[in-house]
Amino acid sequence: MGKGNVLVVGYAGVGKSTLIKAVLGENCQKLPLSASVKSPDFKIYDNEGLSFRLIDTVGLEPGVFKEHKAVSAVKKWSAECLKDRDEDKRISVVWFCVDRFTAKLFPKTIDSLMNAISAWKNAPIIAVITQSYKESDTEEAQQIIEKTFLSKTKYATRLTEIVSVVAKPSTTKDGVLEIPKGITELIELTNSLLPEGYQAAEKDLERYNLSRKRAMAQAVISVATLAGITAGAGAPPFADAMLLQPTEKMAIESIAKIWGIKKNQKTKALISSIVDIGTKGAMGKAIVSGLKMIPGLNLGAAVINAFIAGTIVFAVGEGASYIFEKVYTGEHSLDDVEWAEKALEGKLTKNVVAEMSEVVTDIPDDAGKNEILDIILSSFTRKAATC
């Protein structure tokens, strides 16, 4: 079965590459360009599990000369593809990528963007607002894009949808965790716009998006684990895990959102139960006591406390993601609190203590926070191939 091609165009610095990695994930492969297409600025990325490839183009930059150069590069690449008369190279969908800053330039540059993709007159356009952290900024960008397309009669019907996304998690200055969003929605929309012969079956798409949700949850766990490491490094000797409650609660709530778990009293009760198990319960205590009883462990207090704190947050995050995935897939419900508690206190606790006991003695005495994070993550996850 053939694949669709999505042309990713937009401004330089808006996060096109980050978006591509979020969509294609750890199994992303960079494909070689055809011998007949000589455009080094273009990169083709693929994932065998997805129904379309992503073609990254040179980004538009302010300035008449730079803008013209970028437009010319896209037009030249398109002409070379059409010359081959190969259906496998035709563009099925176009993503226009902007952020809250470059959206303000959109009315002035829409003609250049449309000129760049003029070879693909029938390809539907999705405007992708990247780095959509603040709702007010996203709404303003969306209004600008909609008005711009409507003001140009010849372009008015080309815009299919506007999708706002956050490709990777980040923490604001106020300590709020911004989670990935819009990625699976963008994948589903793009698949639906492909020619019928290229569209993935519903079950295949569900399976692929399940892997994306896992990856997004993992990214949140990584950010939260680093926050836990930071808290542990600056804390007094780690008598218990209560200090980590705010970090764990924020991470678990974020993971629940990624898995589409609606916020209600049942969700609140399950989240409280998970946090209690990871701090006051058997899980937190087992990790703390288990790691501190390792023979021959001779690390500075800051390093070992940071490692323990990061381990607890990581384990709780992994457990929460596992539980919410089972709820999302319908294997369990929010009412199965007893099952959730057993999953956390049983299998996860033993696995975490056993795994961490093997690696903790290899931690350098002067290990930094990011080094500790890498050790924790690499102990549980395979090193993913990146684009």
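Now for a look at the structure at hand. Predicted model only: the values in this text are computed from it and were never measured.

### A closer look at the packing of aromatic side chains
Here is step 1 of the chain: Under the counting rule described, the total for this entry stands at 7 aromatic pairs.
Here is step 2 of the chain: On the basis of an interplanar angle of 40° and a centroid distance of 5.7 Å, the ring pair of Phe106 and Phe149 is categorised as tilted. Here Phe106 is found in helix α3 (residues 106-116), whereas its partner Phe149 is found in helix α4 (residues 135-151), with 43 residues between them in sequence. Note on accessibility: Phe106 and Phe149 belong to one class, buried.
Here is step 3 of the chain: Put simply, the rings of Phe96, Phe106 and Phe149 pair up and form one aromatic cluster.

### A few points about the sheet that holds strand β3 (residues 43-46)
Here is step 1 of the chain: If you trace the 7 strands from one edge of the open sheet to the other, you get β2-β3-β4-β1-β5-β6-β7, paired in mixed fashion. Each end of this open sheet is capped by a strand with a single partner; those strands are β2 (29-31) and β7 (159-164). On average, each strand axis in the sheet is tilted by 30° relative to the strand beside it, whichever way the strands run.
Here is step 2 of the chain: Bridging between β2 and β3 involves 3 bridges; their strand directions are antiparallel. Residue Gln29 lies in a different strand from β3, and its bridge partner there is Asp46.
Here is step 3 of the chain: Across the face of the sheet, helix α1 (residues 16-24) comes into contact with β1 (4-10), β3, β4 (52-56), β5 (93-98) and β6 (125-129) while running at roughly 165° to β4.

### A word on the packing of helix α6 (residues 202-233) against helix α7 (residues 245-258)
Here is step 1 of the chain: Close contact between α6 and α7 brings their axes to 10 Å; oriented N to C, the two are set at 170°. Classified by the angle their axes make, α6 and α7 are roughly antiparallel. On α7, the residues touching Lys213, Met216, Ala217, Val220, Ile221, Ala224, Ala227 and Gly228 of α6 are Thr247, Ala251, Ser254, Ile255 and Ile258.
Here is step 2 of the chain: Residue classes in the contact of α6 with α7 are distributed as 9 nonpolar, 3 polar and 1 charged.

### Re the side chain of Ser78
Here is step 1 of the chain: By secondary structure assignment, the location of Ser78 is in helix α2 (residues 64-83).
Here is step 2 of the chain: We classify Ser78 as buried; its relative accessible area is 0%.
Here is step 3 of the chain: Polar side-chain contacts of Ser78 include one of 2.9 Å to the backbone oxygen of Val74.
Here is step 4 of the chain: Other than its neighbours up to four places away in sequence, Ser78 contacts Ala116, Ala119 and Trp120.

Thresholds, definitions, all that
- Residues numbered from 1 in each chain as written.
- Predicted model: local features only at pLDDT ≥ 70, side-chain atom pairs only at ≥ 80, totals over all residues.
- Heavy atoms only, no water.
- Phe/Tyr/Trp six-rings, centres within 6.5 Å; stacked < 30°, edge-to-face > 60°.
- Helix = DSSP H or I, 4+ residues; strand = E, 2+ residues; numbered from the N terminus.
- Buried < 20%, exposed > 50% of the residue type's maximum accessible area, 1.4 Å probe, protein only.
- Pairing = 2+ DSSP bridges.
- Axes fitted to C-alpha atoms, helices over the stretch in contact; angles between N-to-C directions.
- Contact = heavy atoms within 4.5 Å.
- Parallel < 35°, antiparallel > 145°, perpendicular 65-115°, else oblique.
- Nonpolar A, V, L, I, M, F, W, Y, C, P; charged D, E, K, R; others polar.
- Polar contact = N/O pair within 3.5 Å; in protein donor to acceptor, adjacent residues only side chain to side chain.

Purely geometric numbers; function is a separate question.
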